[in-house]
Amino acid sequence: MKHQILIALGSNVNAREHIITAKQQLFHLLGPSVKFSPTIWTDAYEMPDKDQFLNCLVFGETELDAETLIDTLKEMEKANGRIPGECTIDADLLKYDDQRYHESDWERPYIKELLEKI
């Protein structure tokens, strides 16, 4: 059974390179159903001392259950060099079918902006 998903993707370390790599990995994971919002630069949310982030939203379908998908996203972050304090890739599941995750993220201006651009 295919599940509809929404993922928030961001980077603030070599951001263009890491976003391209993450998009390729997500295309490989999700297949041709995957669609990406435009990418936008945003100030680091609640981290004024950090570089700007490059962000986009990822829409797609998966047969993975939510827990496995979340684990896969966290493994993708680690494989791309994610360590505490460095955000090479941040990939957060926001929606899995009708289940919302990271409720506070839905209120972030850049999430709202990207949702409007779809």
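Report on the accompanying structure. (Residues numbered from 1 in each chain as written. Predicted model: local features only at pLDDT ≥ 70, side-chain atom pairs only at ≥ 80, totals over all residues. Heavy atoms only, no water.)

Notes on the pairing of strand β1 (residues 3-11)
Strand residues, when the strand is regular, have side chains that alternate between the two faces of the sheet.
And step 1. With respect to burial, β1 is a largely interior element, eight of its nine residues being buried.
And step 2. As paired elements, β1 and strand β4 (residues 53-62) share nine bridges and run antiparallel to each other. In the strand pairing of β4, isoleucine 7 is matched with valine 58.
And step 3. Two strands pair when backbone bridges link them, and β1 and strand β5 (residues 90-96) are joined in this way by six bridges, in the antiparallel orientation. Within β5, the residue paired with glycine 10 across the bridge is aspartate 90. (Buried < 20%, exposed > 50% of the residue type's maximum accessible area, 1.4 Å probe, protein only. Helix = DSSP H or I, 4+ residues; strand = E, 2+ residues; numbered from the N terminus. Pairing = 2+ DSSP bridges.)

Quick notes on the pairing of β4
And step 1. With eight of its 10 residues buried, β4 lies for the most part within the structure.
And step 2. Both strand β2 (residues 35-36) and β4 contribute to a ladder of two bridges, which runs antiparallel. Counterpart to phenylalanine 36 in the pairing with β4 is valine 58.
And step 3. Bridge count between strand β3 (residues 40-42) and β4: three bridges; the pairing is antiparallel. Each bridged residue has a counterpart across the sheet, and for threonine 42 the counterpart in β4 is phenylalanine 53.

Concerning the nonpolar core
And step 1. Counting residues in each nonpolar core, the largest one holds 20 residues, and the members touching the most others are Ile7, Leu9, Val58 and Leu93.
And step 2. If you list the elements that add at least two residues to this core, you get β1, α1 (15-30), β4, α2 (66-79) and β5.
And step 3. Ranked by residues supplied to this core, first place goes to α1 with five residues.
And step 4. Apart from residues no more than four positions distant in its own chain, isoleucine 7 is found in contact with Leu26, Cys56, Leu57, Val58, Leu73, Ala91, Asp92, Leu93 and Leu94. (Core = buried A, V, L, I, M, F, W, Y, C linked by side-chain atoms within 4.5 Å. Contact = heavy atoms within 4.5 Å.)

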